[in-house]
Amino acid sequence: MRYHLITLGCQMNLSDGERIHTVLKEMGLVQSDSENDAQVVGIIACSVRQKAIDKVYNQIARWNKSKNHRNLITFISGCILPDDRERFLKLFDIVFPMSEVNDLPGMITSFGVATPASLKLPGRGIPRNEQIFSLWNIQPDYQSTFEAFVPIQNGCDKFCTFCAVPYTRGREVSRPSGDIINQVKDLIQEGYKSITLLGQNVNSYGLDKKGSELNFAQLLREIGQAALQMDQMCWIYFTSPHPRDMSDEVIEAIAGYTHLANQIHLPLQSGDEKLLVKMNRNHSMEKYREIVHSIREKLPNATLFTDIIVGFTGEEEDQHQRTIEAMKEFRFNMAYVAQYSPRPGAASYRWEDTVPKEVKKRRLFDLNEVLRETASEFNNLTIGKTLLVLVTGPDRKPGFLKGLTEGKINIRFPAKRTDLAGTFVELKVTSSNGLSLQGEMATVKVTALIP
Ligand code: SF4
C-alpha cells in the first residue's frame, strides 16, 4: 500500500511530517510522490493563514470526489482550530492531534468505522505531555540529506491576540535537553550541514521546568560545545524566538561557539507601541531596540530577519508609518510581511477587521520597499568578498545552482556539476539583486563568513 503526505505551513509541521513518514513506513506503507497512486493520503494542516485552510478544504473535496472510482483513506493532523476540527471530522476519515501520532496505525488498520471512532482508540486519555514526549521519541524519516529540524519545545504560553497557536498546540512543553543534544550529535555525525532547533517560542525553552532543566542559553552552549568536539562543519540555527525572552546570554552563546550560526529571526510584528500592546506582545519598542543593539555589538556579522503584520485591526496610517520607521532603523536582511487576516480561535477574531484589503496591500508594498533598500545595502557590501555557501540544489535558471550563506542569504552561481547539493563551497560574490546574491566558484580561501 502506498501513501502520500502533504505538509502545509511552518518548519515545525515539516518536522512533525518526518515523524508521520516514520510511523507509516513502519506499518509497511511505501511513500509516494504522487497522490494519484496512493491509497492513504494525508495533510498536516496550518491554521495561521486562511489560504492554507482553504487549500485543505479544496484538497479534501477532490479526494472525496475521487472515492467514487478508487479506495482511499484520508487523514489530517497539524494545527487545527476547534471549529475546523468539527468540520474535518465530517470530511476526513481520520482526524488526530500530532501528540497521538502513535495511534495512527491503529486508526488506519481499524478503518471502516466512521471517523469519530478514532476518538475511542487506546492512547486517548494519556497526559498530553507524555504524548508529546512519545512523538519526539519517534526517529524522524528525514526528507533531506543535509538539512534537518530538531523540535525542542511545543506549544506557546504567550497568547498574542492575532494568533491561534496556544489553542491549536496548547501550552509550552520543553523536550528533555539530553534528547535534543543527542539528536543534534547524531545529525552532525551523519553529515547534516544545516540543523534548526524548533519551537513556537524557542527561547522560552526550559521555563516550564525551571530549576530542573537547562535554560535556552545553556542549551545552546551545550550544543555549541558538542558540535565543537565533533569537529565537523555545520551551521546550527533556531527559530522563532520571542523578544520578551531574548537575553544577552543567548546572544553571547552564539558569539562564543563557531557552529551556532550568525543569523537571528526576531519577530517584531509592529513598530507601534499601542499596537504591540493590542497584539499582547508584552514587550516595548525600547526592549526590541536594546536586543538589536546587543546583536549588532556582539554579533556584528549576523543577519537579522523578522515577521511583520500589516493592517492589524485598528491600525492607523501613523501607526503604519512607525513600522516603516522601525524597519529603517533595524535594517532587516529579510522580513516576512503578512496582511492581517482574523483567525477563528484567536482573541482578535472578535474585533472588527477595520483595515480595507487595498490599504493592507499598499502597506505591505511599502514595507517590502524598505526591506529591499536595507537588504540591498547590506548585500552590496559583500560584492567582491568570498563566502562559504551551503549548496541547496539546482536554481530555476538553467546551468545555475543555488545555496545559502551562513546568514541565510540566497545566492546562485553557474556550475557544470550538479552533484554539489549538501556541500559547502566557496563563492566569490559578483553582484547583488536586492534580496539575493549572485556569485562564482572561488579558487581562493574564504575571507569572510558574512552575511
Ligand atoms: S508567541 Fe505569539 S505569535 Fe508566536 S506562537 Fe505564541 S501566540 Fe503565536
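Residues numbered from 1 in each chain as written. Predicted model: local features only at pLDDT ≥ 70, side-chain atom pairs only at ≥ 80, totals over all residues. Heavy atoms only, no water.

Counting its secondary structure elements, the chain contains 13 helices and 19 strands. A principal-axis box enclosing the C-alpha atoms of the chain has dimensions of 65 × 50 × 50 Å. A burial count over the chain gives 55% of its 451 residues as buried. Pairs at least 24 apart in sequence give 73% of the contacts found in the chain among residues at least 6 apart. (Helix = DSSP H or I, 4+ residues; strand = E, 2+ residues; numbered from the N terminus. Buried < 20%, exposed > 50% of the residue type's maximum accessible area, 1.4 Å probe, protein only. Contact = heavy atoms within 4.5 Å.)

This brings us to the pattern of salt bridges. In the structure shown here, the tally under the stated rule is 23 salt bridges. Taking the shortest distance from any N to any O, the salt bridge between lysine 67 and aspartate 93 comes out at 2.8 Å. In this pair, lysine 67 sits in the loop between helix 2 (50-66) and strand 4 (73-78) while aspartate 93 sits in the loop between helix 3 (82-91) and strand 5 (94-95), placing the two residues 26 residues apart along the sequence. Close ionic contact of arginine 289 with glutamate 329 constitutes a salt bridge, the shortest N to O distance being 2.6 Å. Of this pair, arginine 289 sits in helix 11 (residues 285-298) while glutamate 329 sits in helix 12 (residues 317-330), and the two are 40 residues apart along the sequence. The exposure class assigned to arginine 289 is partly exposed, which follows from its relative accessible area of 30%. (Salt bridge = Lys/Arg side-chain N within 4 Å of Asp/Glu carboxyl O.)

In the vicinity of the ligand, the contacting residues are Cys156, Lys158, Phe159, Cys160, Phe162, Cys163, Val165, Pro166, Asn201, His242 and Arg281. Its residues assigned to classes, the shell around the ligand comprises seven nonpolar, two polar and two charged. (Near = heavy atom within 4 Å. Nonpolar A, V, L, I, M, F, W, Y, C, P; charged D, E, K, R; others polar.)

Here we come to the sheet that holds strand 3 (residues 40-45). With parallel pairing, five strands are arranged side by side in an open sheet as 2-1-3-4-5. Each edge of the sheet is formed by a strand with only one pairing partner; in this case those strands are strand 2 (30-31) and strand 5. On top of the sheet, helix 2 reaches strand 1 (2-7), strand 3 and strand 4; it is set at about 170° to strand 3, its chief contact. (Pairing = 2+ DSSP bridges. Axes fitted to C-alpha atoms, helices over the stretch in contact; angles between N-to-C directions.)

Right, let's get into the side chain of glutamine 153. Within the fold, glutamine 153 resides in strand 8 (residues 153-154). Within the structure, glutamine 153 has its side chain in polar contact with the backbone nitrogen of glutamine 200 (distance 3.0 Å). Excluding anything up to four places from it in sequence, glutamine 153 contacts Met12, Trp136, Glu172, Val173, Ser174, Leu198, Gly199, Gln200, Asn201, Val202, Ser204 and Tyr205. (Polar contact = N/O pair within 3.5 Å; in protein donor to acceptor, adjacent residues only side chain to side chain.)

Within the fold, glutamate 290 resides in helix 11. Since its relative accessible area comes to 48%, glutamate 290 is described here as partly exposed. Along the sequence, glutamate 290 and aspartate 248 sit 42 residues apart, while their C-alpha atoms lie 9.7 Å from each other.

The next subject is the sheet that holds strand 10 (residues 194-198). Spatially, three strands are ordered 7-10-11 in an open sheet, and the strand pairing comes out parallel. Single-partner strands in this sheet number two, and they are strand 7 (147-151) and strand 11 (235-239). Neighbour-to-neighbour, the strand axes of the sheet open up by a mean angle of 25°, direction not taken into account. Bridge analysis of strand 10 against strand 11 gives five bridges, and the strand direction is parallel. Bridge assignment links isoleucine 195 to a residue of strand 11, and that residue is isoleucine 236. Against the sheet, helix 1 (residues 11-26) engages strand 7, strand 10 and strand 11, with an angle of about 95° to strand 7.

So, about unusual backbone geometry. Most peptide bonds take the trans configuration, and most residues that are not glycine carry a negative phi. Cis geometry marks the peptide bond from threonine 239 to serine 240, where omega comes out at -10°. Relative to the elements of secondary structure, serine 240 occurs in the loop between strand 11 and helix 9 (248-256). The phi torsion at arginine 331 lies on the positive side, around 50°, for a residue other than glycine. By the element assignment, arginine 331 lies in the loop between helix 12 and strand 14 (334-339). A positive phi angle is found at lysine 408, which is not glycine, with a value near 65°. Checked against the element boundaries, lysine 408 lands in the loop between strand 16 (400-405) and strand 17 (410-414).

Turning next to the side chain of aspartate 84. Inspection of the secondary structure assignment puts aspartate 84 in helix 3. Non-local contacts of aspartate 84, meaning those with residues more than four positions away in its chain, are made with Ile53, Tyr57 and Arg343.

Functional significance is not addressed by these values, which are geometric in nature.
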